[in-house]
Amino acid sequence: MVDRRSLGSWLQGPPSDEENWPGRRLGRPRTGPGSIARVGPRLGAIIIDWALASLISYAFFGGTATANLLVFAAEQIILVGLLGYSVGHRVFSLQVQKLDGSAAGPLAGAVRSILICLVIPALIFDADQRGLHDKAMNTILVRVKHGSR
């Protein structure tokens, strides 16, 4: 016979380490503004940015793969470098910041964007969910609250 207590614990999932979360080692909160952006919003943001770059590429440059990549890179370099976020980041309330919380800046935006275009650096990440592109420039993608300005 199945013990109901063991079934209940199985339904709740594996035990979690309540004292450890992505960004804790970096002094970031577990949730809310300043916390590490999770995988879902990151994917959503890059899908929006790639779709926008593809539309612009198709409308003005014939929509070749090279044109798509160059438009995507330009969007990332300009917007992340100047504003700290791309269109997709803005939709999902994310921002690229330096580890101290300040703006990423143009150099970080450019290097980070070029590494994202190489794909592999974005797929290799650490326990704090920082890809090689973020580690290279000492940046981090965090949640922000845009509605209260």
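Quick caveat, the model's predicted, so the values are computed rather than measured.

**Q** Would you explain the pairing of strand E2 (residues 139-143) in this entry?
**A** When a strand is regular, its side chains alternate between the sheet's two faces. Counting buried positions along E2 gives four out of five residues, so the element sits mostly inside the fold. With five bridges joining them, strand E1 (residues 94-98) and E2 adopt antiparallel strand pairing. Paired with Gln-97 across the bridge in E2 is Ile-140.

**Q** Before we go on, may I ask you to explain the pattern of salt bridges in this structure?
**A** Close approach of charged atoms allows side chains with opposite charge to pair. Considering all chains together, one arrives at three salt bridges under this definition. One salt bridge connects Arg-25 with Asp-128, and the closest N-O pair in it is separated by 2.5 Å. You can see Arg-25 sitting in the loop between helix H1 (4-11) and helix H2 (39-61) and its partner Asp-128 sitting in the loop between helix H6 (120-123) and helix H7 (132-137), a full 103 residues away along the chain. Overall, the relative accessible area of 3% leaves Asp-128 in the buried class.

**Q** Which parts of the structure should I look at to understand H2?
**A** Because the α-helix completes a turn every 3.6 residues, residues three or four places apart line up on one side. Across its 23 residues, H2 extends 31 Å between first and last C-alpha, which sits within 8% of the 33 Å expected from 1.5 Å per residue. Buried residues of H2: Arg-42, Gly-44, Ala-45, Asp-49, Ala-53 and Ser-57, and no others. The inward-facing, buried residues of H2 contact helix H3 (65-82), helix H4 (87-91), E1, H7 and E2. Backbone geometry just downstream of H2 places Gly-62 in the positive-phi region, at approximately 85°.

**Q** Can you help me understand the UniProt feature "transmembrane region" (unreviewed entry) in the protein in this one?
**A** UniProt tags residues 43-61, 68-87 and 107-125 as "transmembrane region" (unreviewed entry). The span residues 43-61 carries 100% helix and 0% strand; its end-to-end C-alpha distance comes to 25 Å. In residues 107-125, helix accounts for 79% and strand for 0%; the two terminal C-alpha atoms are 21 Å from one another.

What counts and what doesn't
- Residues numbered from 1 in each chain as written.
- Predicted model: local features only at pLDDT ≥ 70, side-chain atom pairs only at ≥ 80, totals over all residues.
- Heavy atoms only, no water.
- Buried < 20%, exposed > 50% of the residue type's maximum accessible area, 1.4 Å probe, protein only.
- Helix = DSSP H or I, 4+ residues; strand = E, 2+ residues; numbered from the N terminus.
- Pairing = 2+ DSSP bridges.
- Salt bridge = Lys/Arg side-chain N within 4 Å of Asp/Glu carboxyl O.
- Expected span 1.5 Å × (residues − 1).
- Contact = heavy atoms within 4.5 Å.
- UniProt positions renumbered as here; feature names shortened; annotations may be inferred.

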